[in-house]
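Residue strings, one per chain:
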Amino acid sequence: MNTDLTVGNPRSALWRFSLPLFGSIIFQQLYNIADSLVAGKFIGENALAAVGNAYEITLLFIAFAFGCNIGCSVVVSRLFGAGKWKELRTAVSTTFLASGVLCAVLMAAGWLLCPALLELIRVPGEIQGDCLLYLNIYIGGLGFLFFYNIATGVFSAMGDSRTPFLFLAVSSTSNIFLDILFVAGFGMKVDGVAWATFLCQGVSCVLAVAAVLRRLKTIPDQGAAPRFSRRALGEISRIAVPSILQQAFISVGNIILQGIINPYGGSVIAGYSAAVKLNNMVITSFTTLGNGVSNFVAQNLGAGKRERVGQGFRAGLQMVYLLCLPIIALYLLGGRWLVYLFMEEPTGPAMETGVLFLRILSPFYLVVSTKLIADGVLRGAGQMRQFMAATFSDLVLRVALAAVLSGTLGLGSVGIWWAWPVGWIIGTGISLWFCRHHAVGGRLDPAALPGID
């Protein structure tokens, strides 16, 4: 059901809209967590390390899919808020066509370049084969990843966060059972967890796209809509490209960090691989809630209700803070148990690495969640230069500090873990300043708002 986010109490509207998004991303993350969990429990520590290294590379592809999602979602939100149904249909079809071409290019590049990339980040020889096998199967399913993300972006733009949640809940739950069936039942190894993800993402993609096409038929008819528009592509790209670059830079940073971590050996890699999945689940969840704020801001700007932007920002902060507190408590008190879930016979270094990582990072979730909500406001308001500046500062600091603290200052892997909080603190300060002075403060340039004539 489509929901108008331009009316009613902003806090209530944002909660109703964003909580299913939060649930959706939890189930989305279960794909990756299930793969690592089954690999560690049923195959071994090397398999967990292999999937962990592959995961950092898959985040590059996810960055592109995410960018297509948010670019389409913000523009369609504006058109939905303005009641421009013909342009809305064109924006959706343009995104599908352009993303199909982009996906084909990425698949070819992935199959060609991944072997060299594994060498570049110094993946240990004993896990390179499994890592590459997982990546080759994953890349074969990129089309599912892209079109599913576009479909969920359209649903979100029209105020429906419940439908994609239902698709993901069924799909990710099925993925867990298929992981166990293929590995424990059929005796497959890393290829088993990869094929399980491939099949479940395929089913959820087909269902989501079919549902979007049916939903588009229910909106008012304003005449035949062109299937492709260069203007629509430009508007979508204006939001999508910075969002892609944001996520891609973060992914590249994580890959560089993985290269710094890999020389510490298989046990440290395995412990980090388990803990970083738990961390990424939280960060991605807050990013998704930031996307919900983007949709809220975009719809209200499309409807000319700029006074609701600040209200949405404050409501978003209340929402993430309430969600942060139990997560922080869980990771601080139950981190050892959570890391243990990924390992059948954990070594001391692997377990201690994962637990320490969570204990250092989790108290700072209150900081990074603030940044991600502020970034959501900037993106929904079309302030993409400011958005990119805040993202760059976090990334550059985190990578530079990881190298300095671990190597130059001799802190080892502990120095790498501390690079996250320091980067978050500085990046959050920058994001808040931009948000206050370029979005919430009311100094919005109408020409900066894509999707509105």
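A brief report on the enclosed structure follows. (Residues numbered from 1 in each chain as written. Predicted model: local features only at pLDDT ≥ 70, side-chain atom pairs only at ≥ 80, totals over all residues. Heavy atoms only, no water.)

1. Examining the overall build of the protein
Here is the rule we go by: Under the DSSP-based scheme used, a helix requires at least four consecutive residues in state H or I and a strand at least two consecutive residues in state E, with every element numbered from the N terminus. This radius of gyration counts C-alpha atoms alone. The globule rule is 2.2 Å times how many residues there are, raised to the power 0.38. Throughout, exposure labels follow a simple rule: accessible area from a 1.4 Å probe, protein chains only, divided by the maximum for the residue type, with under 20% read as buried, over 50% as exposed, and the rest as partly exposed. Contacts were defined at the residue level, with two residues in contact if any of their heavy atoms lie within 4.5 Å. Charge convention: Lys and Arg are scored as positive, Asp and Glu as negative, and His as well as the terminal groups of each chain are ignored. Here the site of a charge means atom NZ of a Lys, CZ of an Arg, CG of an Asp or CD of a Glu.
Per the secondary structure count, the protein includes 14 helices and zero strands. Each helix and strand of the protein, placed in order from N terminus to C terminus, yields the pattern α-α-α-α-α-α-α-α-α-α-α-α-α-α. A compact globule built from 453 residues would reach a C-alpha radius of gyration of about 22 Å, and the protein, at 21 Å, matches this within 12%. Its C-alpha atoms put the protein at 60 × 45 × 35 Å along the principal axes. Considering the protein as a whole, with its 453 residues, one finds that 60% of them fall into the buried category. By sequence separation, contacts in the protein at least 24 residues apart represent 85% of the contacts at least 6 residues apart. Computed over 30 positive and 21 negative side-chain charges, the separation of the two mean positions in the protein equals 12 Å.

2. Considering a nonpolar patch on the surface
Condition: Patches were defined on residues exceeding 30% relative accessible area and lacking a salt bridge, with like-charge contacts within 9 Å and nonpolar side-chain contacts (Val, Leu, Ile, Met, Phe, Trp, Tyr) within 5 Å. Surface accessibility in these figures is a Shrake-Rupley result with a 1.4 Å probe; residues are shielded only by whichever protein chains are displayed. A pair is scored as a salt bridge if a Lys or Arg side-chain nitrogen falls within 4 Å of a carboxyl oxygen belonging to Asp or Glu.
Where nonpolar side chains cluster on the molecular surface, the patch consists of Y321, L325 and L366 and spans about 250 Å² of accessible area. Of note, L366 is situated in helix 12 (residues 365–380).

3. Quick word on the packing of aromatic side chains
Going by this rule: Two aromatic rings, drawn from Phe, Tyr or Trp (for Trp, its six-membered ring), form a pair once their centres lie within 6.5 Å of each other, and the interplanar angle then sorts them: stacked below 30 degrees, edge-to-face above 60, tilted otherwise.
On inspection of all chains with the given rule, the structure shows 15 aromatic pairs. When the centroid spacing of 6.1 Å and the interplanar angle of 45° are considered together, the rings of Y365 and W424 count as tilted. Pair noted here: Y365 is in helix 12 and W424 is in helix 14 (residues 413–440), with a separation of 59 residues, a long-range link. An aromatic cluster of at least three residues, connected via ring pairs, comprises Y272, F357, W417 and W420.

4. A word on the nonpolar core
How we decide: Joining through side-chain atoms within 4.5 Å is the link that ties buried Ala, Val, Leu, Ile, Met, Phe, Trp, Tyr and Cys residues into a set, and such a set is a nonpolar core.
Residues F286 and Y365 are the most contacted members of the largest nonpolar core, which totals 126 residues. Ranked by size, the runner-up nonpolar core spans ten residues in total, among them I239, A298, L378 and M384.

5. Section: the packing of helix 10 (residues 307–340) against helix 12
Stated precisely, the cut-off is as follows: Lines fitted to C-alpha atoms define the axes, with helix axes restricted to the stretch in contact, and inter-axis angles between N-to-C directions lie between 0 and 180 degrees. Just so you know how the angles are binned, under 35 degrees is roughly parallel, over 145 roughly antiparallel, 65 to 115 roughly perpendicular, and the rest oblique. Helix crossings are classified by the rotation of the near helix relative to the far one: an anticlockwise turn of less than a right angle makes the crossing left-handed, while a clockwise turn makes it right-handed. Residue polarity is assigned by list, with Asp, Glu, Lys and Arg as charged and Ala, Val, Leu, Ile, Met, Phe, Trp, Tyr, Cys and Pro as nonpolar; anything else, Gly included, falls into the polar class.
Close contact between helix 10 and helix 12 brings their axes to 9 Å; oriented N to C, the two are set at 150°. If you check the angle between helix 10 and helix 12, you find them roughly antiparallel. In the crossing of helix 10 with helix 12, the sense of the turn from one axis to the other is right-handed. Residues V309, F313, G316, L317, V320, Y321, C324, L325, I327, I328 and Y331 of helix 10 form the contact with helix 12, whose own contacting residues are Y365, L366, S369, T370, I373, A374 and V377. Among the residues forming the contact of helix 10 with helix 12, the class breakdown is 15 nonpolar, three polar and no charged.

6. Brief notes about the side chain of N149
What counts here: Contacts described as polar in this section are N or O atom pairs within 3.5 Å, which, within protein, must combine one atom able to donate a hydrogen with one able to accept it, while residues neighboring in sequence count only if both atoms come from side chains.
As for its position among the elements, N149 is in helix 5 (residues 142–157). In terms of polar contacts, N149 uses its side chain to reach the backbone carbonyl oxygen of L145, at 2.8 Å. Excluding residues that lie within four positions of it along the chain, N149 makes contacts with A65 and N69.

7. Quick word on the environment of V282
Within the secondary structure, V282 is located in helix 9 (residues 266–302). With relative accessibility at 4%, the residue V282 sits in the buried group. Placed 83 residues apart in sequence, V282 and Y365 show a C-alpha to C-alpha distance of 8.3 Å. Apart from the residues within four sequence positions on either side, V282 is in contact with I327, Y331 and Y365.

8. Description of helix 3 (residues 85–120)
Under the convention used in this document: The angle between axes fitted to the seven residues ending at a residue and the seven residues starting there is what we call the bend at that residue.
At L113, helix 3 shows its maximal kink, close to 50°; a proline, P115, follows between one and four residues later. Phi for R122, located one or two positions after helix 3, is positive at around 60°.

9. With respect to helix 8 (residues 230–261)
Inclusion rule: How far a helix is expected to stretch is found by multiplying one less than its residue total by 1.5 Å.
Over its 32 residues, helix 8 extends 44 Å from the first C-alpha to the last, a length consistent with the 46 Å expected when each residue adds 1.5 Å. Considering bend angle alone, the principal kink of helix 8 is centred on S237 and spans about 35°.

10. Things to note about the pattern of salt bridges
Per the stated rule, a full pass over the model turns up four salt bridges. Across the salt bridge formed by D160 and R215, the nearest N and O atoms sit 2.9 Å from each other. Remark: R215 occurs in helix 7 (residues 190–216) and D160 occurs in the loop between helix 5 and helix 6 (162–185); sequence separation between them is 55 residues. For the residue pair D160 and R215, the accessibility class agrees, reading buried in each case. A salt bridge links K371 to D375, with the nearest nitrogen and oxygen atoms 3.3 Å apart. Linking K371 with D375, this pair stays in helix 12, spanning four residues, or about one helical turn. Take K371 and D375: they sit in the same class, and that class is buried.

11. Some points on the packing of helix 2 (residues 45–82) against helix 5
Where helix 2 contacts helix 5, the two axes come as close as 8 Å, and the packing angle between them is 25°. Judged on the interaxial angle alone, helix 5 and helix 2 are roughly parallel. Our pair here, helix 2 against helix 5, has a crossing hand that is right-handed. Touching F61, I62, F64, A65, C68, N69, C72, S73, V76, S77 and F80 of helix 2 are L142, L145, F146, N149, I150, T152, G153, V154, S156 and A157, all from helix 5. Along the lines of polarity and charge, the residues of the contact of helix 2 with helix 5 split into 14 nonpolar, seven polar and no charged.

12. Some remarks on the side chain of T95
Along the polypeptide, T95 turns up in helix 3. Among residues more than four places away in sequence, those in contact with T95 are C68, C72, I150 and I236.

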